[in-house]
Amino acid sequence: HRGLGVHDSQVRSLTLDALSPEQVNGLKDIGNERANKVYCSKNVAPKSSSLTHDERKEFIKQKYTELTFTEETFKETLLESRNGGCQRTSSVLHLISSQED
């Protein structure tokens with residue numbers, strides 16, 4: 001996700017960055033399955049394991065930047081989070097963690 005730019009994706013390193021307790025707990029609660037219930041909520045995303053490198057790069061851009069596979073009900077919170085820093089990040093973590101397993 002590093003190639004997307006910090007306006008769309010803030011890659012964190014577990015060894016180089018300091019994550020807040022809220023971020024750590026949020027990520028523990030979320031997991032990939034719940035996150036995909038938001039980012040791929042339209043259920044039309046391709047299986048990323050079957051994609052070539054270039055197709056995978058385009059898929060990541062569509063998934064996180066363009067929100068191509070995301071239902072409209074989630075898009076507003078995700079788009080607002082790009083403009084508001086930590087407080088907005090918290091709203092995204094809450095949105096994703098509220099999805100049932």
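In this text, all values refer to a predicted model and were calculated from it rather than measured experimentally.

What counts as what
- Residues numbered from 1 in each chain as written.
- Predicted model: local features only at pLDDT ≥ 70, side-chain atom pairs only at ≥ 80, totals over all residues.
- Heavy atoms only, no water.
- Phe/Tyr/Trp six-rings, centres within 6.5 Å; stacked < 30°, edge-to-face > 60°.
- Helix = DSSP H or I, 4+ residues; strand = E, 2+ residues; numbered from the N terminus.
- Buried < 20%, exposed > 50% of the residue type's maximum accessible area, 1.4 Å probe, protein only.
- Expected span 1.5 Å × (residues − 1).
- Arc of directions from axis to C-beta.
- Contact = heavy atoms within 4.5 Å.

Caption draft 1: Structural detail: the packing of aromatic side chains. A full pass over the atoms with the stated rule returns two aromatic pairs. Judged by centre distance (5.6 Å) and plane angle (35°), the rings of F59 and F69 are tilted. With F59 in helix α2 (residues 53-65) and F69 in the loop between α2 and α3 (72-81), this residue pair connects regions lying 10 residues apart in the sequence. Residue class for F59 comes out buried when judged on its relative accessible area of 7%.

Caption draft 2: Layout of α2. Taking 1.5 Å per residue, 13 residues should reach 18 Å; α2 reaches 18 Å between its end C-alpha atoms and fits that length. Of all the residues in α2, the buried ones are F59, I60, K63 and Y64. With its buried residues spanning 105° around the axis, α2 presents them on a single face. Looking at α2, the residues exposed on the side facing more than 90 degrees away from the buried face are D54 and K57. Residues of α2 that are buried make contact with α1 (21-39). One or two residues past the end of α2 sits L67, with phi positive at roughly 55°.

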